[in-house]
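Residue-level structural notes
Below, each chain spelled out in residue letters.
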Amino acid sequence: MTTVSPPPPFDPELAAALSVVGESLPPSLTADMIQPMRSGSLLADPTDEDLARGGAFTVARRTVPGPAGAPEIELLILTPAGARTTLPGIYHTHGGGMIVGNNRSGVDVLQDWATEVPAVIVSVEYRLAPEHPHPAPVEDCYAGLVWTAEHAAELGIDPHHLIVAGASAGGGLAAALALLARDRGGPALAGQMLLCPMIDDRNDTPSAVQMAGLGVWDRTSNDTGWTALLGAARGGPDVSPYAAPARATDLSGLPPAFIDVGSAETFRDEDVTYASRIWQAGGQAELHVWPGGFHGFDMMVPQAAVSQEARAARVRWLRRLLGA
Amino acid sequence: MKDLAVRLAALDPDAGAALRVIAYFDRLAEGRAGLQTIVRGAAVLAGCPARLTDDARRIQLRVQPDGTDATAGPPDPSWMSVGVADQAVLWLERPGPPGPVDAMVLERAAGAARAVLERTRRQIPPADPASVELTLDAAAPEHLRLTAAARLGLKPSDQVRAIAYAGAPPALLAAGNRRIGHPVETDTGRMTSVGPLQHAAGRPGGTTAADNGLDATITVQRAGIGPAGPVADLPTSYTAARIALRFTATGTEADPGPTVVHADRLGGLALLAATVGPGTEPIPDVRALDRVAACAPWALATLDAVAETLSLRAAATQLRVHHSTLQERLTHAAPLLGWDIREPQGRLRLQVALALRRLHRNGPA
């Protein structure tokens, strides 16, 4: 393609919020900003007290084997209080561009789901790039998933109702877990919940170009994240689909997918294409493109009308999928 | 890159908060955001429920700080509030006085809401007067009347009233007090063709034009309102509305009485309309009223107040005079009538005479 049109406008309510919160979150993040971000106040992680939600959840941590030859990994396990039977399990891979975050990041969103559709949440602590490039992050996640499936009974999880879920980089990791589980004959997954997933290291779609310098996590930030994960291989011919699921040539035989994304973000086109390719491969996917949404809009501006719609759509999908 | 704990939440009253409030509502205005969004912004930034109330436009919005809507009881007058436009008020559901952030939220949200109200008022398409008249025309075939109503956005099953005006084309009153047709001046001087109708009767000393949301300098328009019914019955409603119009008054001292009359509430009085007109010889009671009117500027209005209220005290309140002043006035004016208006029968006779006097003044259109 030669020219790219101006970007779609942000939803007015989201644009107003961005003008307020955006001052602490520039669209373009570069490698030198990774360390300040890790130690900065932007990452206000929930405390154990936050996670317990006044006793609605029990909070536990398990240290389990990592990939062969690699360190152990920590799983954060949040179980709805007073569960009498086994519940669906949601295995969470946190976001943060592959470079920041921990297994508490973003779990409050999943807790909101579990309040509506009771489920056990297992959130994995994986090693981050650039110190730990591919395949360390995704293999950590996979090891934790295998352990979770094998210990489902002990965790109170119904093994037939185990799904993977993640947002942004975590969405990319969740998609990769679905591919890995299929290809290695691993855990049978009931679904994959991919929220504005980061899945294409090539970083050259029309939406990536359109949104350069705008909104949240623009093309420069995306380059920062992928380069941290893949180094010089980023965008080249030999990138593994388990690093960048958009690279997968076969999207058949995957669990039902839920994919959402904003129309005004870098990931719009790669996520829409991923859904289309699942359908073309005979698979099931539910795709939501929220008009005027920037990356992560529903988390940063949960009160906005379009955010409320986006959050409600996920719970409705979970209800249908898990029969709650 | 989504798990950053950067969130839009209630602002601390630090130095930057006011600037962020300004930026927020400026961007909303730029994006032509709607009222709901503006009220939600106020709730989120102030960290308490916010409301927009506008009786004139029948707007009742309430949003909680988490962004969800919820209805509730009437606003508490102790809450912080600011006028948006005429009857529109923005509220933060916290007792005042507002702190610096609250004050800025109120001011900026009200400004954004005002822009929306002005914009949407201008965007209201004028109702086609020919279509309004057609729906009321008993001589037109029903299918044409229904088609005309559909052009005005009315379904055949909608409950609609006809409104007859003095010296202006008729209008319709649909559910939710939505008025269709006949532009009237509003307090801001703009023309509007769709809007709620004020029911209060413009009586001297009672409900005033200003109370009706109309500038007191603008003459209150007399209106008769027909009964509600399906669209096909509009010609019947209009006939009744024109009869009701004859029972209205300009609400001045020379012509006291209700500026708006509902046909529904006339009862047997409506029968009088067929027998009296400008050419009919007035009965002695009407001539007596004219004699009273000639004796003092306040005399007729005083009698009207006595006729329309339950007690002399209530009449004095309506006239905004002291009880003893009213007594003096009645001592002066009542003998000119020739009957005792403090007796129940005398009051009825007075009410009928006042009604007849209006029928003489307002002939059948």
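Predicted model only: the values in this text are computed from it and were never measured.

**A closer look at unusual backbone geometry**
Residues and elements named next belong to chain A. Cis rather than trans, the peptide bond between Ala129 and Pro130 has omega equal to 0 degrees. By the secondary structure assignment, Pro130 is in the loop between β4 (120-124) and α5 (136-150). Omega for the bond connecting His134 with Pro135 falls within 30 degrees of zero, at 10 degrees, which places this linkage in the cis form. By the secondary structure assignment, Pro135 is in the loop between β4 and α5. One non-glycine residue, Arg53, lies in the positive phi region at around 50 degrees. With respect to the helices and strands, the residue Arg53 is situated in the loop between α3 (48-52) and β1 (57-64).

**As for the sheet that holds strand β1 (residues 50-54) of chain B**
All names here are of chain B. Strand order in the open sheet formed by four strands is β2-β1-β4-β3, with antiparallel pairing between adjacent strands. Lying at the two open borders of the sheet, with one neighbouring strand each, are β2 (59-63) and β3 (79-85). On average, each strand axis in the sheet is tilted by 15 degrees relative to the strand beside it, whichever way the strands run. Alignment of β1 against strand β4 (residues 88-95), held across five bridges, turns out to be antiparallel. Each residue of the ladder has a partner; that of Ala50, found in β4, is Leu92.

**A short note on the interface of chain B and chain A**
In this complex, chain B contributes 23 residues to the contact, which on the side of chain A involves 36 residues. Sorting the residues of the side of chain B that touches chain A by element identifies α1 (17-30) and α2 (35-46) of chain B as the ones contributing at least two each. For the side of chain B that touches chain A, the per-class residue count stands at 10 nonpolar, five polar and eight charged.

Reading the values: the criteria
- Residues numbered from 1 in each chain as written.
- Chains lettered and ligands numbered in written order.
- Predicted model: local features only at pLDDT ≥ 70, side-chain atom pairs only at ≥ 80, totals over all residues.
- Helix = DSSP H or I, 4+ residues; strand = E, 2+ residues; numbered from the N terminus.
- Pairing = 2+ DSSP bridges.
- Axes fitted to C-alpha atoms, helices over the stretch in contact; angles between N-to-C directions.
- Contact = placed C-beta atoms within 7 Å.
- Nonpolar A, V, L, I, M, F, W, Y, C, P; charged D, E, K, R; others polar.

Taken by themselves, the reported measurements are silent on function.
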